[in-house]
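So you can see what is in the structure, the chains are spelled out below.
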Amino acid sequence: MLNELFQHLIAHFYIPLYLLTWIIAVYRYRRYFDTPLKYLPMVIIYTFFTELLGYFIKYSNEFQFFSDDRFAWHNVIIYNIYQLVFFLFFFEVYRKTTKKPLEKKWIFYGSVSCVLIYLINTFFCNPLHDQLTYAHIVVSLILIAVLVLYFKEKRTEENQQPLRYNLLFWVSMGLFAFYTLFPVILTMYKLNLGITVNVYLRPILLGSIVLQYSCFIIGLLIGKRKAFR
């Protein structure tokens, strides 16, 4: 039994990674408690519990959303909801962070578009049983555009604190690392290019998760309150 648990922990190592990131985020909370990232610990622990619940639904009969045995293992609905919440949170973070009124307006339109895109995608598939892949792909691209706007603004901004001490910069690096690969991976899955290709996609996806949360952890550990913006 212990051997089986150990194997599951290795296969799903990213779940403890989320918990570790949350612990560090709470420990360093006073460095960003009054910034647009003040709800970051809640988002991280939400990520942790989403993955944990998804794991139990898939592998345990004690956790099921559907009485029909054909769908007992289906957990995709919690991930569809999670992605929408995750995107909306970060759109709001960048809307509050940017100093440019026009970019604030664009990011707001991005948030509205995000909701509409997810709603439209539900007309073409059942969100209870199917991943909202098209919405994930399109909104990921919108988030990348928002990140590019943020990086451009940081490049021209004068700040006495070095950029490496800016928590939001590291969070943005992590998001950029993951969401440049995420839509590509989803597209390749959708194209169903065969097992030869698909066998490499999951390790790439997991590697991008590690890179994303490693950036989060670095930012939380070395970030300084005065350097946030």
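Because the structure is a prediction, the values reported are computed rather than measured.

Peer 1: In this structure, what is going on with the pattern of salt bridges? I would like to understand it.
Peer 2: Should the charged atoms of two oppositely charged side chains come close, the side chains can pair. Under the criterion given, the structure shown has 6 salt bridges. Notably, a salt bridge pairs R95 with E92, separated by 2.7 Å at the nearest N-O pair. Here R95 pairs with E92, and both are found in helix α4 (residues 76–97), just 3 residues apart, close to one helical turn. Relative accessible area serves as the criterion here: at 26%, R95 is assigned to the partly exposed category. With a relative accessible area of 28%, E92 lands in the partly exposed category. The structure contains a network of salt bridges with shared partners spanning E92, R95 and K96.

Peer 1: Which parts of the structure should I look at to understand the environment of G207?
Peer 2: Note that G207 resides in helix α8 (residues 195–222). A relative accessible area of 35% places G207 in the partly exposed class. Remark: the alpha-carbon pair of G207 and Y14, spanning 193 residues in sequence, is separated by 9.6 Å.

Peer 1: What exactly am I supposed to notice about the packing of α4 against helix α6 (residues 133–156) here?
Peer 2: When two helices pack together, their arrangement is given by the angle between their axes and by how far apart the axes lie. Two numbers describe how α4 lies on α6: the axes approach to 11 Å, and their chain directions differ by 20°. When the axes of α4 and α6 are compared, the pair comes out roughly parallel. By crossing handedness, the relation of α4 to α6 is classed as left-handed. Of the residues in α6, those touching α4 at N80, Q83, F87, F90, F91, Y94 and T97 are H136, V139, S140, I142, L143, V146, L147 and Y150. Grouping the constituent residues of the contact of α4 with α6 by class yields 10 nonpolar, 5 polar and no charged.

Peer 1: Mind showing me how you'd approach the layout of surface pockets here?
Peer 2: Here the idea is plain: a probe the size of a water molecule rolls over the atoms and shows the empty space left. In this structure, the largest pocket spans a volume of roughly 1200 Å³. Where the lining of the largest pocket is concerned, the elements lending two or more residues are α2 (14–27), α3 (40–59), α4, α6, α7 (167–191) and α8.

Cut-off values and rules
- Residues numbered from 1 in each chain as written.
- Predicted model: local features only at pLDDT ≥ 70, side-chain atom pairs only at ≥ 80, totals over all residues.
- Heavy atoms only, no water.
- Salt bridge = Lys/Arg side-chain N within 4 Å of Asp/Glu carboxyl O.
- Helix = DSSP H or I, 4+ residues; strand = E, 2+ residues; numbered from the N terminus.
- Buried < 20%, exposed > 50% of the residue type's maximum accessible area, 1.4 Å probe, protein only.
- Axes fitted to C-alpha atoms, helices over the stretch in contact; angles between N-to-C directions.
- Parallel < 35°, antiparallel > 145°, perpendicular 65-115°, else oblique.
- Left-handed = near helix turned anticlockwise from the far one by under 90°.
- Contact = heavy atoms within 4.5 Å.
- Nonpolar A, V, L, I, M, F, W, Y, C, P; charged D, E, K, R; others polar.
- 1 Å grid on protein atoms, 1.4 Å probe; cavity = no way out; pocket = protein on both sides within 12 Å on 5 of 7 lines; lining within 4 Å.
- Points joined across faces, edges and corners; volume = space filled by probe spheres on them.

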